[in-house]
Amino acid sequence: MGDVNGQVSGSMWKYLWWFIGGAVGLSILWAVMDAILPGDSGGTTTAGGVLVPFLSANIAVDRFVANHMRVPDKAERWWLVLWSFGALLAWSVIGFVVLAVLGVFEGVDTGVFAVILVVAVAVTFLSVWGGYAFWPKRVLRNHERQAQRRATKAD
């Protein structure tokens, strides 16, 4: 797998799909939690904006490690980071269009909105990068321990 003449092999797409599925599912979960919690639950939305990319990356990493029993190499990791970030941007644009149609942004100061948007994009990228950078070694260790327990149990 990995870097072949500067390109990542095509089988990485399935891990991007795991990421996208996780992001969509977790986004829906956070939206439901936001709707159910009483009062102003802006904290739930903010936590979801940080955690959804990180947890979605963890889902993709878990599938990768389970299939290959190794962490993604540098080329694979950056491929996943960039494509996952792009997928989240596309998903966010869909969300913004829906919110704009619902009139949520009416009366919002354009300058403040632009600053919030830039910060949100930066935090999203860092969350995706963090999920792929810091989680794979731990996931690999967990899968190796699980395999050892199965082997011990089978004896």
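Since the model is a prediction, treat every value here as computed from it, not as a measurement.

A.B. asks: What is the right way to look at the overall build of the protein in this model?
C.D. replies: Along its length, the protein carries five helices and two strands. Counting over 155 residues, the protein shows a buried share of 26%. When contacts within the protein are restricted to residue pairs at least 6 apart in sequence, those whose partners lie at least 24 apart make up 81%. Accessible area for the protein stands at about 9600 Å²; split by element, carbon and sulfur atoms hold 68% of it.

A.B. asks: Mind showing me how you'd approach the nonpolar core here?
C.D. replies: If you look at soluble globular proteins, the nonpolar side chains tend to sit buried side by side. If you look at the biggest cluster of nonpolar residues, it comprises 21 residues, and the most contacted ones within it are M12, F19, L80, V128 and Y132. Contributions of two or more residues to this core are made by helix 1 (13–36), helix 2 (42–68), helix 3 (74–101), helix 4 (110–134) and helix 5 (136–154).

A.B. asks: Whenever I open this one, helix 3 confuses me. Can you help?
C.D. replies: A turn of α-helix holds 3.6 residues, and therefore any two residues three or four places apart point the same way. An ideal rise of 1.5 Å per residue puts 40 Å on 28 residues; helix 3 measures up with 41 Å between its terminal C-alpha atoms. Among all positions in helix 3, only E76, W79, L80, V81, S84, F85 and L88 are buried. Looking at where helix 3 begins, the residue whose side-chain oxygen comes 3.2 Å from the main-chain nitrogen of A75 is D73. Looking at the residues trailing helix 3, positive phi occurs at G103, about 80 degrees.

A.B. asks: Explanation requested: the environment of T152 in the structure shown.
C.D. replies: Within the fold, T152 resides in helix 5. In this structure the side chain of T152 is engaged in a polar contact, spanning 2.8 Å, whose partner is the backbone oxygen of Q148.

A.B. asks: How should I be thinking about the packing of helix 3 against helix 4 in this particular structure?
C.D. replies: The description of two packed helices rests on the angle between their axes and on the distance between the axes. In contact at an axis separation of 9 Å, helix 3 and helix 4 are set at 145 degrees when each is read in the N-to-C sense. The interaxial crossing formed by helix 3 with helix 4 has right-handed handedness. Residue-level contacts link R77, W78, L80, V81, L82, S84, F85, L88, L89 and F96 of helix 3 to F113, L117, V121, T124, F125, V128, W129, Y132 and A133 of helix 4. Here the residues of the contact of helix 3 with helix 4 sort into 16 nonpolar, two polar and one charged.

A.B. asks: I'm lost on helix 4 in this one. Help?
C.D. replies: Between the first and last C-alpha of helix 4 there are 35 Å, a value that for 25 residues agrees with the 36 Å anticipated at 1.5 Å per step. For helix 4, every residue scored as buried is listed here: T124, S127, V128, G130, G131 and Y132.

A.B. asks: Looking at this model, I keep getting lost on the pattern of salt bridges. Mind explaining?
C.D. replies: Side-chain pairing between opposite charges can occur once the charged atoms of the two side chains come close. Summed over the entire model, instances satisfying the criterion amount to two salt bridges. We note a salt bridge from R63 to D62, for which the minimum N-O separation is 3.8 Å. Given a relative accessible area of 28%, D62 falls into the partly exposed group.

A.B. asks: Can you help me understand a positive patch on the surface in this one?
C.D. replies: Together, R138, R141, R145, R149 and R150 make up a region of like positive charge exposed at the surface. Along the polypeptide, R145 turns up in helix 5. Among the residues examined, R145 registers a relative accessible area of 42% and is labelled partly exposed.

A.B. asks: Help me understand the confidence of the model for the protein, please; the structure alone is not making it clear to me.
C.D. replies: Interpreting fine coordinate detail is not advised for predicted regions of low pLDDT. Per-residue pLDDT for the protein has a mean of 84; in total, 87% of the residues score no lower than 70. Across residues 1–6 the pLDDT falls below 50, and counting only partners more than four positions away or on other chains, this stretch makes 16 contacts in the model.

Calculation criteria
- Residues numbered from 1 in each chain as written.
- Predicted model: local features only at pLDDT ≥ 70, side-chain atom pairs only at ≥ 80, totals over all residues.
- Heavy atoms only, no water.
- Helix = DSSP H or I, 4+ residues; strand = E, 2+ residues; numbered from the N terminus.
- Buried < 20%, exposed > 50% of the residue type's maximum accessible area, 1.4 Å probe, protein only.
- Contact = heavy atoms within 4.5 Å.
- Areas by Shrake-Rupley, 256 points an atom, 1.4 Å probe, with all protein chains shown as cover.
- Core = buried A, V, L, I, M, F, W, Y, C linked by side-chain atoms within 4.5 Å.
- Expected span 1.5 Å × (residues − 1).
- Polar contact = N/O pair within 3.5 Å; in protein donor to acceptor, adjacent residues only side chain to side chain.
- Axes fitted to C-alpha atoms, helices over the stretch in contact; angles between N-to-C directions.
- Left-handed = near helix turned anticlockwise from the far one by under 90°.
- Nonpolar A, V, L, I, M, F, W, Y, C, P; charged D, E, K, R; others polar.
- Salt bridge = Lys/Arg side-chain N within 4 Å of Asp/Glu carboxyl O.
- Patch = residues over 30% accessible without salt bridge, like charges linked within 9 Å, V, L, I, M, F, W, Y side chains within 5 Å.
- Lys, Arg positive; Asp, Glu negative; His and termini not counted.
- Charge placed at Lys NZ, Arg CZ, Asp CG, Glu CD.
- pLDDT = per-residue confidence, 0-100.

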